Amino acid sequence: MSREWDAAAYDRVSDPQVAMAGPVIDRLDPRPGERVLDAGCGSGRVTELLLARGAEVVAVDRSQAMVDIARARLGERARVVCADLAELVLDKPVDAVFSNAVFHWIPDHDRLFAALFAALRPGGRLVAQCGGKGNVERFLAVARRVSEREPYAAHLAGWDGPWHFASPEETTQRLERAGFTAIDCALERRPVVPPEPLEYLRTVCLGPHLEQLPDELRARFVADVAGEAGEPLELDYVRLNINARRPA
């Protein structure tokens, strides 16, 4: 993806992502001194939670704007790298890969899982959560209806977006092809009511739509989608939980 995020806005509105990360970190259960890859660190808010558990963290994100904020937040406490996760090559392997709310932004999961497998030491574990099959399906249907109206249709009609919301079965097969074992993938419904709905939609949910629109239509599009979605805005998140290991 070529998308660049409004990282400062994401840092302000990402409470839902931070809340969802907590149980994933509990599943990971990082031990003090373990070397952990934060795969898609964003602005570094969740990276701080990993550091608080005593992990040594290598934090990676594709967005330079996110990396800049994460570096300012984390300082010398973590190594922060700007890189594409599907092309990632580390100088030394990690004990664990953690990821929260990231994989659905990456189109090629076969390449992604191959790169993460290579990043792990033998016996290392992958613990992640991302958008899964059915994620924000109801909300995207609303956005699609608005997209089909003028003046938006000239820019958005027929555009399906960059998301990759995979099923547990598809993900299990891809992980097996990459070489992982002890695989456990399952969906979890996690509805979210964002506290700043317009800013959240602009920054997170509709960011890819807005890149297709001229500047003068962007704020109006966000307002029209929000109006169509109704109040309170509830996003029908469906999360895909992933556990796997690289064989020892």
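Residues numbered from 1 in each chain as written. Predicted model: local features only at pLDDT ≥ 70, side-chain atom pairs only at ≥ 80, totals over all residues. Heavy atoms only, no water.

A. View of the overall build of the chain. Across its full length, the chain carries eleven helices and seven strands. In terms of overall dimensions, the chain is globule-like: its C-alpha atoms have a radius of gyration of 18 Å, near the 18 Å expected for 248 residues. In terms of its C-alpha atoms, the chain occupies a principal-axis envelope of roughly 55 × 40 × 30 Å. Excluding contacts between residues fewer than 6 apart, the proportion of contacts in the chain whose partners are at least 24 apart in sequence is 77%. (Helix = DSSP H or I, 4+ residues; strand = E, 2+ residues; numbered from the N terminus. Rg over C-alpha atoms; globule rule 2.2 N^0.38 Å. Contact = heavy atoms within 4.5 Å.)

B. Structural view of the packing of helix α5 (residues 109-119) against helix α8 (residues 168-178). The interhelical angle for the contact between α5 and α8, taken along N-to-C directions, is 45°, at an axis separation of 9 Å. Taken together, the axes of α5 and α8 are oblique relative to one another. In this structure, the crossing between α5 and α8 has a hand that is right-handed. For the pair formed by α5 and α8, the contact residues are His-109, Asp-110, Phe-113, Ala-114 and Phe-117 on the first element and Thr-171, Arg-174, Leu-175, Arg-177 and Ala-178 on the second. Among the residues forming the contact of α5 with α8, the class breakdown is five nonpolar, two polar and three charged. (Axes fitted to C-alpha atoms, helices over the stretch in contact; angles between N-to-C directions. Parallel < 35°, antiparallel > 145°, perpendicular 65-115°, else oblique. Left-handed = near helix turned anticlockwise from the far one by under 90°. Nonpolar A, V, L, I, M, F, W, Y, C, P; charged D, E, K, R; others polar.)

C. Just α5, in detail. Within α5 the residues assigned to the buried category are His-109, Leu-112, Phe-113, Ala-115, Leu-116, Phe-117 and Ala-119. Among the structural elements, β1 (35-39), β4 (94-100), β5 (120-131), α8 and β7 (238-245) are those in contact with the buried residues of α5. For α5, the N-terminal cap is Asp-108; the gap from its side-chain oxygen to the backbone nitrogen of Asp-110 is 3.2 Å. (Buried < 20%, exposed > 50% of the residue type's maximum accessible area, 1.4 Å probe, protein only. Polar contact = N/O pair within 3.5 Å; in protein donor to acceptor, adjacent residues only side chain to side chain.)

D. Representation of the nonpolar core within the structure. Counting 32 residues, the largest nonpolar core has Phe-139, Leu-201, Phe-221 and Leu-235 as its most contacted members. Counting residues per element, the ones that place at least two in this core are α1 (7-13), α6 (137-147), α9 (197-205) and α11 (215-229). Aside from chain neighbours lying at most four places away, what touches Phe-221 is Ala-143, Val-146, Ser-147, Tyr-152, Leu-156, Leu-206, His-209, Leu-210 and Leu-213. (Core = buried A, V, L, I, M, F, W, Y, C linked by side-chain atoms within 4.5 Å.)

E. Inspection of the layout of surface pockets at higher detail. In this structure, the largest pocket occupies an estimated 720 Å³ of space. Forming the walls of the largest pocket are 42 residues, and the residues nearest its centre are Trp-5, Ala-101, Val-102, His-104 and Trp-105. Those elements that place two or more of their residues in the lining of the largest pocket are α2 (15-28), α3 (45-52), β4, α6 and α9. (1 Å grid on protein atoms, 1.4 Å probe; cavity = no way out; pocket = protein on both sides within 12 Å on 5 of 7 lines; lining within 4 Å. Points joined across faces, edges and corners; volume = space filled by probe spheres on them.)

F. Here's a closer look at the sheet that holds strand β2 (residues 56-61). With respect to topology, seven strands assemble into an open sheet ordered β3-β2-β1-β4-β5-β7-β6, the strand pairing being mixed. The outermost strands of the open sheet, each flanked by one partner alone, are β3 (79-82) and β6 (181-189). Averaged over all pairs of adjacent strands, the angle between strand axes in this sheet comes to 15°, irrespective of strand direction. One ladder, built from six bridges, connects β4 with β5; its direction is parallel. Its bridge partner lying in β5, Ser-99 is registered against Ala-128. The strands touched by α2 within the sheet are β1, β4, β5 and β7, with β4 carrying the most contacts at an inclination of about 150°. Sheet strands in contact with α8 are β5, β6 and β7, and its direction is about 155° off that of β6. (Pairing = 2+ DSSP bridges.)

G. Structural detail: the environment of Asp-184. Turning to its location among the elements, Asp-184 is positioned in strand β6. For the pair Asp-184 and Arg-31, spaced 153 residues apart in the sequence, the C-alpha separation amounts to 21 Å. With residues up to four places along the chain from it excluded, the contact list for Asp-184 reads Asn-241, Ile-242 and Asn-243.

H. View of the environment of Arg-144. As for its placement among the helices and strands, Arg-144 is situated in helix α6. Taking C-alpha positions, Arg-144 is 38 Å from Arg-125, a pair spaced 19 residues apart along the chain.

I. Region of the structure containing the pairing of β1. Here β1 lies mainly inside the structure; five of its five residues are buried. The sheet contact formed by β1 and β2 spans five bridges and is parallel. Across the sheet, residue Arg-35 finds its bridge partner in β2, namely Glu-56. The parallel pair β1 and β2 is bridged by α3, and the resulting crossover is right-handed. Here β1 pairs with β4 via three bridges, running parallel. Its bridge partner being in β4, Val-36 is matched across the sheet by Ala-96. (Right-handed = clockwise from strand over helix to strand, strands pointing away.)

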